[in-house]
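Structural description and commentary
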Amino acid sequence: MELVSSLGKTTLLLLLQHLLIPGKNPKCQVICQPARDLRLFFLLLWLSFSGSLVAQPIYLSGDDAITTLPLVPVNPPSDIFQSSLPNKDTPLNWYRLDIELSPYSPHDWLMVFHQIPHKKLDVFIPVNNGYQLTKMGIDGSPSGMAPNTMKLTLKPGETKTWYLRHDPVALNQLNPELWPSLNYYELLSEQQTVISSIQTLLIVALIFIFTLTLRNRSPALYLLISHLLAANLMILMWEGDIFRVVSWPGEPGHWLILITAVVLVTGIASYRTLALLPVYTPKTNRLIGALNIVAIALVVYGITSASNASVATLKLAAYSLLASFTLVVLATAYCLYNGIRPAKVVFPSALTMLILLSWLWYPNAESGSLTPYPELILLSVHAALLPLFYWYGHQQNLNHAMSINAIAPASSKRRIFESALREHLQTPDSPLSDNELIQKVLTTFDQVLPGIPAMVFRHQQDEWHFNPGETTDYSKAAENLARQLPDIEEDLLSVIASGIETKINFKDRFGTIYWLFPLNIDAGNKVLMVLAPSRYHRNATTWQTASDISNHACTLFQANRQSLFWQQQANLDPLTGLLNRRAFCQEAENIIRAALGSDPIRPCCALFMDIDNFKQLNDLLGHNAGDQILKTTAVICRKSLRHQDLLGRYGGEEFVALLPDTEPWQAFHVAERMRSAIASEHAKNNQWANSQPTTVSIGIAALSKDVNTLDRLLEEADTAMYQAKQTGKNRTSISTSLNDVRLPAT
């Protein structure tokens, strides 16, 4: 019998030399002699039980496989490397395996390795008093029914020694097994049949989901597609052939661990979308997403780290995925309790997967081994079934009709508001824009009724637009409702039109209940306050509070619109509809300030217009005719200018215009076009016989370092206008301070 290894031989010889050969110092011999005798006694006792040091061969008999082999670490054997041993610093580990075949064994035996090949694995087979090298890693031959197996050439009653050379990698331990050939090939055939069937299901499911995606491109379908693709890749990696055919960087086992984690993460993400967790449990949904990211990061760190903590890191990643799956189950149970219809399909499936995964991972939690066959089958079958869950839930949603109920208010009396309500909804000192007022209302709901998704929907230009608020993000819930509003828009608007005091109870096809409160029902601008209360919040007190806030908000909308209307009326000339003198000067000051603030000064021009002979026309034709001339002139001027240009009635028959970002020569062409259009229009539609033609005289001035105020600019344009009147009227004159060569000579 041979000892375990050459290292064991060396250790034993050194121990005997230390015990039996006396030291050179006589005093040391006298002092150490009793101790040496005692150690020699224990050595003899240890040698009497030294059968454990002898490498007992593995005895092959019967029909059962041997799945746990005692691999004995050894130094590179001298009987293989007779001339020179390999470098001792090489990272490859050597193992010895002694095998004895029973004289009565009826089977041929196989040495079986992982189907996922190792990056480096060499087996030295005893042949004719020597050894033959066979490569079983990625660099080995992929031929044969099972390239991960090796037939043992043993005669009955014979004992032989095999040597294995392996590059040790964390999370992918070397664990060969010994199988009777018929038993293993039978098991392999069953596995291949099951895996082929599951792959067929996955491909069919993938085609089905691709077909649905062409009709309905939703996030759930994209997640299902990625989940199915990852599951197919996981099966290919588990079978191992893909690593022998295609060159992959790194360790093949690590790729399998990573893609298995991706399958789990995409599966969890699919559950989140199918159960509408981003809509109804946004905070829990974000926590689930964070745990998934942490799990993937831990897996990547574990497979790329060379430290001994890889197994612990992978175990921590598994705990993160289990925690994420647990949160999915709890959040789905919450949605199920609140009557959310998709949770009825998702909850039992997610709970079953959580239980099965926990049961499969518990015995392998400490080993950090590769994906076992039961886990592969579980994840693959689950991936094939997920599209069925989506299809079933989608069909249920289509068959479930939505309902809208109108609820009459319990009392027409106004309730007394709480202090928080008065604080957050106060009548503004000045009119607000609709967006500012909407944010004010949403902030009130968030403060008074926290935890209830509150949104505002506006119907403008035949489209629905939503405001989810700034303090709390309910955009997913708003998007979910916005997709359904076009289907019920006609019925919803007819219910709204029944009265401003109506409160609407809306239940969608997913079983979600919304409370709708109309805030404004103008024909071109309908504003709805929408709440999505959970079952816990659906009570009379919450509804009454929401009704009070919406009533006050509705009053605010009406008051704000009246304030805006009167503010607008105060800025407009009642006859022509143009800006009055005060409003024009106020707006023009802002434009001039912005132009002067840039370097260089941005071009800006002013036009000062006066209707020629207006006093005589007014006296001759009457005030009604004079008013009509003023209105027609205002309309023509407005059509001749751009949207960003300012136009106002300065007083009497005088009009002023401010043209930002306009050079003087451009302003001259605008003025001439406007002057010609006014003369042509009045001549074509002259209703008064024997009256003079209606024309205008226009003066032009431009902003400069000297002319740097509105008053100075208008004064220059007014002076130029009087110059036009003095030189014959019905013409355009430029200010004397302008010296642009592109302007016509005056």
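None of these values were measured; they are calculated from a predicted model.

Right, let's talk about the overall build of the chain for a bit. When helices and strands are counted, the chain shows 20 helices and 20 strands. A total of 746 residues make up the chain; the buried ones form 47% of that total. For the chain, contacts bridging at least 24 residues in sequence account for 72% of all contacts bridging at least 6. Total accessible area on the chain is roughly 38,400 Å²; 57% of this is exposed by carbon and sulfur atoms.

The next point concerns the sheet that holds strand E20 (residues 732-734). Taken in spatial order, the five strands of this open sheet run E17-E18-E16-E19-E20, and their pairing is mixed. Each edge of the open sheet carries a strand with a single partner, namely strand E17 (646-651) and E20. With strand direction ignored, the average angle separating the axes of adjacent strands in the sheet is 20°. Bridging between strand E19 (residues 696-702) and E20 involves three bridges; their strand directions are parallel. Bridge pairing in E20 links isoleucine 698 to threonine 732. Packed on one face of the sheet, helix H16 (residues 581-596) meets E17 and strand E18 (654-660) and runs near 135° to E17. Packed on one face of the sheet, helix H20 (residues 710-726) meets strand E16 (604-611), E17, E18, E19 and E20 and runs near 140° to E19.

Bringing the side chain of threonine 266 into the picture now. Here threonine 266 shows up in helix H6 (residues 252-274). Owing to a relative accessible area of 12%, threonine 266 belongs among the buried residues under this scheme. In this structure the side chain of threonine 266 is engaged in a polar contact, spanning 2.8 Å, whose partner is the backbone oxygen of valine 262.

Here we take up the pattern of salt bridges. Summed over the entire model, instances satisfying the criterion amount to 13 salt bridges. Of the charged contacts, one joins lysine 151 and aspartate 108 as a salt bridge, the two residues approaching to 3.8 Å between their closest N and O atoms. Residue lysine 151 is found in strand E7 (residues 149-151), and its partner aspartate 108 is found in the loop between strand E3 (93-101) and strand E4 (109-112); the two are separated by 43 residues along the sequence. Residue classification places aspartate 108 among the partly exposed residues on the basis of a relative accessible area of 44%. The residue aspartate 573 makes a salt bridge to arginine 649 at a minimum N-O spacing of 3.3 Å. Here arginine 649 lies in strand E17 and aspartate 573 lies in the loop between helix H15 (540-571) and H16, a separation of 76 residues in the sequence. Arginine 649 shares its class with aspartate 573; the two are buried. The network of salt bridges with common partners includes Lys120, Asp122, Lys135 and Arg165.

In this section: helix H17 (residues 614-621). All of the buried residues in H17 are Phe614, Leu617 and Asn618. Relative to the axis of H17, the buried residues are bounded by an arc of 100° and lie together on one face. Facing away from the buried surface of H17 by more than 90 degrees, the exposed residues are Lys615, Asp619 and Leu620. Buried-residue contacts for H17 involve E16 and helix H18 (623-640).

This next bit is on the environment of leucine 743. With respect to the secondary-structure elements, leucine 743 resides in the segment after E20. Classification of leucine 743 as buried rests on a relative accessible area of 9%. The residues touching leucine 743, leaving out its near neighbours within four places in the chain, are Pro664, Trp665, Phe668, Ile734 and Leu738.

Bringing the packing of aromatic side chains into the picture now. Under the definition given, this model contains nine aromatic pairs. Over the ring of tyrosine 650 we find arginine 581; its NZ or CZ atom is 3.9 Å from the centre of that ring.

Looking at the chain as a whole, its pLDDT mean stands at 78, while 78% of the residues score no less than 70. Across residues 1-32 the pLDDT falls below 50, and counting only partners more than four positions away or on other chains, this stretch makes 36 contacts in the model. Residue range residues 46-54 is modelled with pLDDT below 50. Its contacts to residues more than four positions away, or to other chains, number eight contacts.

With that settled, consider the environment of threonine 443. Relative to the helices and strands, threonine 443 resides in helix H13 (residues 434-448). Each C-alpha atom of the pair threonine 443 and alanine 454 lies 9.3 Å from the other, and the pair is 11 residues apart in sequence.

Here we take up the sheet that holds strand E9 (residues 177-180). Read across the sheet, three strands follow the order E7-E4-E9 without closing on themselves; strand pairing throughout is antiparallel. In this open sheet, the two edge strands, each paired with only one partner strand, are E7 and E9. The sheet shows a mean angle of 30° between the axes of neighbouring strands, direction not considered. Where helix H3 (residues 181-215) meets the sheet, it contacts E4, E7 and E9, and its direction lies at approximately 95° from that of E9.

Before going further, it helps to examine the pairing of E17. In terms of burial, E17 is largely enclosed, as five of its six residues are buried. Here E17 pairs with E18 via five bridges, running antiparallel. Across the sheet, residue leucine 647 finds its bridge partner in E18, namely alanine 657. Between E17 and E18, which pair antiparallel one after the other, the connecting turn spans two residues, and glycine 652 there sits at a positive phi close to 60°.

Right, let's talk about the environment of threonine 662 for a bit. As for its position among the elements, threonine 662 is in the loop between E18 and helix H19 (664-684). Taking the C-alpha atoms as reference, threonine 662 lies 8.4 Å from arginine 602; in sequence the two are 60 residues apart. Not counting chain neighbours up to four residues away, the residues in contact with threonine 662 comprise Pro603, Cys604, Cys605, Arg642 and Ala667. Within the structure, the side chain of threonine 662 is placed 2.8 Å from the side chain of arginine 642, a separation counted as a polar contact. In terms of polar contacts, threonine 662 uses its side chain to reach the backbone carbonyl oxygen of proline 660, at 3.0 Å.

With that out of the way, let us pick up the packing of helix H9 (residues 310-337) against helix H10 (residues 343-361). Two elements in contact, H9 and H10, have axes whose closest approach is 9 Å; the angle formed by their N-to-C orientations is 155°. As far as their axial angle goes, H10 and H9 are roughly antiparallel. Here the hand of the crossing between H9 and H10 comes out left-handed. Here Ala318, Leu321, Leu322, Phe325, Thr326, Val328, Val329, Thr332, Ala333, Cys335 and Leu336 of H9 lie close against H10, whose contacting residues are Ala343, Lys344, Val346, Phe347, Ala350, Leu351, Met353, Leu354, Leu357, Ser358 and Trp361. Broken down by class, the residue content of the contact of H9 with H10 amounts to 18 nonpolar, three polar and one charged.

This part covers a nonpolar patch on the surface. Together, Val381, Leu385 and Leu388 give the surface a local cluster of nonpolar side chains, amounting to about 230 Å² of exposed area. Look at leucine 388 and you get partly exposed, because its relative accessible area is 48%.

Contact geometry for helix H4 (residues 219-239) and H6: axes closest at 9 Å, N-to-C directions at 155°. With respect to H6, the axis of H4 lies roughly antiparallel. The handedness of the crossing between H4 and H6 is left-handed. Contacts between H4 and H6 involve Pro219, Ala220, Leu223, Leu224, Ser226, His227, Ala230, Ala231, Leu233, Met234, Met237 and Trp238 on the former and, on the latter, Trp255, Leu256, Ile259, Thr260, Val262, Val263, Thr266, Gly267, Ala269, Ser270, Thr273 and Leu274.

Definitions and cut-offs
- Residues numbered from 1 in each chain as written.
- Predicted model: local features only at pLDDT ≥ 70, side-chain atom pairs only at ≥ 80, totals over all residues.
- Heavy atoms only, no water.
- Helix = DSSP H or I, 4+ residues; strand = E, 2+ residues; numbered from the N terminus.
- Buried < 20%, exposed > 50% of the residue type's maximum accessible area, 1.4 Å probe, protein only.
- Contact = heavy atoms within 4.5 Å.
- Areas by Shrake-Rupley, 256 points an atom, 1.4 Å probe, with all protein chains shown as cover.
- Pairing = 2+ DSSP bridges.
- Axes fitted to C-alpha atoms, helices over the stretch in contact; angles between N-to-C directions.
- Polar contact = N/O pair within 3.5 Å; in protein donor to acceptor, adjacent residues only side chain to side chain.
- Salt bridge = Lys/Arg side-chain N within 4 Å of Asp/Glu carboxyl O.
- Arc of directions from axis to C-beta.
- Phe/Tyr/Trp six-rings, centres within 6.5 Å; stacked < 30°, edge-to-face > 60°.
- Lys NZ or Arg CZ within 6 Å of the ring centre and 35° of its normal.
- pLDDT = per-residue confidence, 0-100.
- Parallel < 35°, antiparallel > 145°, perpendicular 65-115°, else oblique.
- Left-handed = near helix turned anticlockwise from the far one by under 90°.
- Nonpolar A, V, L, I, M, F, W, Y, C, P; charged D, E, K, R; others polar.
- Patch = residues over 30% accessible without salt bridge, like charges linked within 9 Å, V, L, I, M, F, W, Y side chains within 5 Å.

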